[in-house]
Protein chains: 2
Amino acid sequence: MSVTTKASIASFGGKLLKLSHNAKTTNCEMNFNLYLPPQAIVERKKVPLLIYLSGLTCTAENCSEKGFFQHGASKKGIAVLYPDTSPRGLNIEGENDAYDFGSGAGFYVDATKAPYDKGYNMYSYITVELPQTVFEAFGEIDSARVSITGHSMGGHGALTLFLRNPGKYKSVSAFAPITNPINCPWGQKAFKGYFGEDNQEKWKEHDATELVKKWTGPLNVLIDVGTGDNFYKQGQLLPENFEKAAKEAGVTGVNIRYQPDYDHSYYTMATFSDDHVEHAAKYLFE
Amino acid sequence: MSVTTKASIASFGGKLLKLSHNAKTTNCEMNFNLYLPPQAIVERKKVPLLIYLSGLTCTAENCSEKGFFQHGASKKGIAVLYPDTSPRGLNIEGENDAYDFGSGAGFYVDATKAPYDKGYNMYSYITVELPQTVFEAFGEIDSARVSITGHSMGGHGALTLFLRNPGKYKSVSAFAPITNPINCPWGQKAFKGYFGEDNQEKWKEHDATELVKKWTGPLNVLIDVGTGDNFYKQGQLLPENFEKAAKEAGVTGVNIRYQPDYDHSYYTMATFSDDHVEHAAKYLFE
């Protein structure tokens with residue numbers, strides 16, 4: 001469970017740490033970044049954690065550099081964890097052939113189909129192994145106060161991990177999430193590859209629109225979707241399906257903001273990350 | 001003087017425009033980015049301009065994505081211009097051989113030595129052609145209110161362009177600037193290549209530490225230098241020389257902040273860009 005520090009970078013009064021560890025669930029060395037806000041470093045306070053799950057093709061670096069989460073997190077006193085998006089270097093045939101499957105596209109599930117069942121276990125990695133590793137190595141982080149957010153495939157990850165684990169996370173939010181993967185090309189390709197075509201019940205277990213039907217009580221989720229987002233226009237995100245399912249199930253607290261003209265890029269995250277940190281802070285400090 | 005719009009991206013309530021034009025001074029097509037804040041787009045107000053000059057190897061993209069000037073500029077109502085760092089594609093022999101000379105390393109001078117005198121005229125490009133092009137194409141920008149800032153080689157550019165043109169810019173600031181190029185390896189290599197080894201008077205005309213000796217009145221410059229910056233430690237930046245020269249010349253208003261642990265990266269700009277926008281706003285709106 002030991003963590004290797006590859007770099008420590010001053011950022012907004014705190015430190016962005018570039019880290020790695022040998023992960024059992026994914027069967028390889030995994031890189032991740034962790035932002036410790038000034039409240040943890042200077043004031044030596046115990047701080048809560050916001051997990052940010054990245055989208056297709058990304059690593060921990062993209063959002064650390066371009067998402068602007070450190071800005072809000074440094075003001076509120078929240079640590080931010082940026083995991084990678086898949087195992088790396090498992091040498092599974094074909095894992096590097098497409099941008100939307102395999103490397104960089106773990107979809108936050110535990111694969112059940114060979115050969116991906118040998119390490120593509122991002123669900124267990126993100127919900128269990130990585131946080132345990134982080135809590136063990138960084139005593140300044142309060143393991144009882146964790147929220148989750150993410151972008152695109154990572155928005156799917158944030159929603160499904162939250163919905164499958166009531167009480168585990170204090171809050172959830174998402175940017176341009178894939179909310180109904182069983183009904184969009186990205187999700188269908190991934191679930192076919194990780195679960196097999198016939199395993200439809202398994203598919204539903206990782207579909208936010210299916211999961212929200214079983215949720216009880218308010219969800220208190222903040223979702224931003226840009227109306228200029230090509231993947232939204234192409235029907236990869238389907239936030240309307242999620243909204244409709246939540247409404248029909250009587251689930252309240254679903255705040256989907258359609259942001260005029262905003263696209264699928266990190267420029268959108270940078271613009272609204274303060275709002276998402278604020279959203280998380282409301283539940284992390286209540 | 002016509003401008004081609006390659007992309008328009010929603011950012012912090014305004015628009016980041018990716019633009020290009022055929023530039024006469026540099027003898028090639030030049031890309032640049034322009035951020036129009038919401039005050040110009042939504043409120044249709046005339047807004048002032050902050051020019052951000054990038055460092056070695058960078059294009060207009062790096063700071064647009066990672067510097068977060070849009071955050072502060074959107075609040076204050078300031079347009080931000082991100083030029084490129086050199087001509088591109090002139091096919092001068094050797095121009096792509098080094099990261100610190102030629103392509104991506106124009107050093108904001110007009111070269112006098114062949115073959116670089118055929119287009120490496122970033123001084124004229126930034127002080128005359130580009131702003132004229134921008135003011136002509138974007139009537140919402142107030143040509144009478146322009147400030148300048150920059151990073152590393154671009155910090156050198158900001159300081160020297162300001163010091164050589166009293167009254168042209170309302171204010172100046174810089175991140176990790178090369179302040180005494182005639183006495184550091186980066187500057188010596190560049191000036192040797194662009195001006196020739198024997199042209200020492202020309203070298204001094206583009207050296208901030210030499211130029212500040214002739215300045216009269218307060219300079220009101222804000223400079224941030226990270227103490228964890230390897231290029232600072234290696235003597236490429238030499239802010240102490242600039243500070244000493246200013247002091248000896250009786251120039252006041254030199255605020256150099258040595259930021260503990262901060263490095264030479266965009267993480268530093270992201271952290272302090274709000275301060276530099278605030279500094280510019282003080283003079284742009286006075």
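What counts, and where the lines are drawn
- Residues numbered from 1 in each chain as written.
- Chains lettered and ligands numbered in written order.
- Predicted model: local features only at pLDDT ≥ 70, side-chain atom pairs only at ≥ 80, totals over all residues.
- Heavy atoms only, no water.
- UniProt positions renumbered as here; feature names shortened; annotations may be inferred.
- 1 Å grid on protein atoms, 1.4 Å probe; cavity = no way out; pocket = protein on both sides within 12 Å on 5 of 7 lines; lining within 4 Å.
- Helix = DSSP H or I, 4+ residues; strand = E, 2+ residues; numbered from the N terminus.
- Least-squares fit on C-alpha atoms with pLDDT ≥ 70 in both.
- Contact = heavy atoms within 4.5 Å.
- Bend = angle between axes of the 7 residues up to and from the residue.
- Buried < 20%, exposed > 50% of the residue type's maximum accessible area, 1.4 Å probe, protein only.
- Polar contact = N/O pair within 3.5 Å; in protein donor to acceptor, adjacent residues only side chain to side chain.
- Buried area = accessible area lost by both parts, 1.4 Å probe.
- Salt bridge = Lys/Arg side-chain N within 4 Å of Asp/Glu carboxyl O.
- Nonpolar A, V, L, I, M, F, W, Y, C, P; charged D, E, K, R; others polar.

(A) Looking closely at the UniProt feature "active site" (unreviewed entry) in chain A. Residue and element names in this part refer to chain A. What UniProt calls "active site" (unreviewed entry) maps, in this numbering, to S152, D229 and H264. With the annotated positions falling across 113 residues, the maximum pairwise C-alpha distance of 10.8 Å places them together in a single cluster. Lining residues of the largest cavity, restricted to the annotated ones just named, are H264. When you line up the elements, S152 lands in the loop between β6 (141-150) and α5 (153-164).

(B) Looking closely at the relation of the copies chain A and chain B. Between the two copies, chain A and chain B, the superposition gives an RMSD of 0.0 Å; the rotation angle is 180° and the shift along the axis is 0.0 Å. The transformation just described matches what one would write down for a two-fold rotation axis. Relative to the rotation axis, the closest C-alpha in chain A is found at K66(A), a distance of 2.6 Å. Both copies present the same face, since 95% of the interface residues in chain A are matched by interface residues at the equivalent positions in chain B.

(C) Just helix α11 (residues 266-284) of chain B, in detail. Residues and elements named next belong to chain B. Along α11, the largest kink reaches about 50° and is centred on F272. Here α11 lies mainly inside the structure; 15 of its 19 residues are buried. Two or three places before Y267, at the start of α11, stands the capping residue S265, its side-chain oxygen 3.1 Å from that residue's backbone nitrogen.

(D) Focus on the interface of chain A and chain B. The partner chain B presents 21 residues to the 22 residues of chain A that form the contact. Between chain A and chain B, the buried area comes to about 1,900 Å², and carbon and sulfur atoms account for 59% of it. Per-residue buried area on chain A facing chain B is highest for E65(A), F68(A) and Y267(A); these three make up 35% of the total on that side. Put simply, chain A and chain B have four salt bridges between them. A salt bridge links D261(B) to K15(A); the shortest N-O distance between them is 2.6 Å. Counting the contacts that link chain A with chain B gives eight residue pairs in polar contact (both at pLDDT 80 or more). Looking at the side of chain A that touches chain B, the element that brings in the most residues is helix α11 (residues 266-284) of chain A, giving four residues. Across the side of chain A that touches chain B, the residue classes break down as eight nonpolar, eight polar and six charged.

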